[in-house]
Amino acid sequence: MSGGSFNYPCHTWDLGDINGKRGDLEEMASELACLGYAQDAARETEELLVMLRQWEVRATVRLERLREVWKAVEWWRSCDYSEDQVREALAEYRSGDTHTPETGMAKPDVGPTRDQLMAAVARVRARHTRVAVTDECYECSKKDGPDYSTAWPCPTIAALDGVGEGS
Ligand SMILES: [Zn+2]
């Protein structure tokens, strides 16, 4: 085999770069799994991929929540917005959130919006991801000891049945 088949993820130290090389990491995980004597390294490579996917979903949800506040502050600082518009953006940001940052408790008088429900589905999906090497659910299989495994799709993913997929 010639060098560079996996685009050198071994030379990547920056997390932004490694996030862009997930396809190469998938191939590396498969290669390790095929060796037959590197299952631990294959599994940990897969776990790293799962962590990157989970991080992406969580970061995207927060990014969407914060984007307008960031924009208002930036526009205000470059004198295109007034400070009142920053306050308005903050009020909007807070009104779209049923969870108070301090306690994480749901406010009793506010129902979740469709976006919040979809975000919740996305968070569940981010936890229950397929481990390609073993074709099992990462979340369900890690709970009950090393020999326990839940085949993909697990009951949780089956229950969601297409809701929020790919969004
Ligand atoms: Zn699961």
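Just above sits the structure.
Residues numbered from 1 in each chain as written. Predicted model: local features only at pLDDT ≥ 70, side-chain atom pairs only at ≥ 80, totals over all residues.

Residues Leu-25, Met-28, Ala-29, Leu-32, Ala-42 and Leu-49 constitute the largest nonpolar core, which totals 6 residues. Those elements that provide at least two residues to this core are helix H2 (22–35) and helix H3 (39–77). Tallying contributions element by element places H2 first for this core, with 4 residues. With 5 residues, the next largest nonpolar core counts Val-131, Cys-137, Tyr-138 and Cys-140 among its residues. (Core = buried A, V, L, I, M, F, W, Y, C linked by C-beta atoms within 7 Å. Buried ≥ 20, exposed ≤ 12 C-beta atoms within 10 Å, placed from the backbone. Helix = DSSP H or I, 4+ residues; strand = E, 2+ residues; numbered from the N terminus.)

Before going further, it helps to examine H3. In a regular helix each residue adds 1.5 Å, so 39 residues correspond to 57 Å; H3 covers 53 Å between its end C-alpha atoms and thus fits that length. Among the residues of H3, Ala-42, Thr-45, Glu-46, Leu-49 and Ala-72 are the ones counted as buried. Elements that come into contact with the buried residues of H3 comprise H2, helix H4 (83–95) and strand S1 (130–131). Residue Cys-79 follows H3 closely and has a positive phi angle near 65°. (Expected span 1.5 Å × (residues − 1). Contact = placed C-beta atoms within 7 Å.)

Following both chains from N to C, one finds H3 and helix H5 (residues 114–127) inclined at 165°, their axes separated by 9 Å at the closest point. What the angle tells us is that H3 and H5 run roughly antiparallel. Of the two possible hands of crossing, H3 and H5 adopt the one that is left-handed. Between H3, through Arg-53, Gln-54, Val-57, Arg-58 and Val-61, and H5, the contact on the second element is made entirely by Ala-119, Ala-122, Arg-123, Ala-126 and Arg-127. For the contact of H3 with H5, the residue count by class is 5 nonpolar, 1 polar and 4 charged. (Axes fitted to C-alpha atoms, helices over the stretch in contact; angles between N-to-C directions. Parallel < 35°, antiparallel > 145°, perpendicular 65-115°, else oblique. Left-handed = near helix turned anticlockwise from the far one by under 90°. Nonpolar A, V, L, I, M, F, W, Y, C, P; charged D, E, K, R; others polar.)

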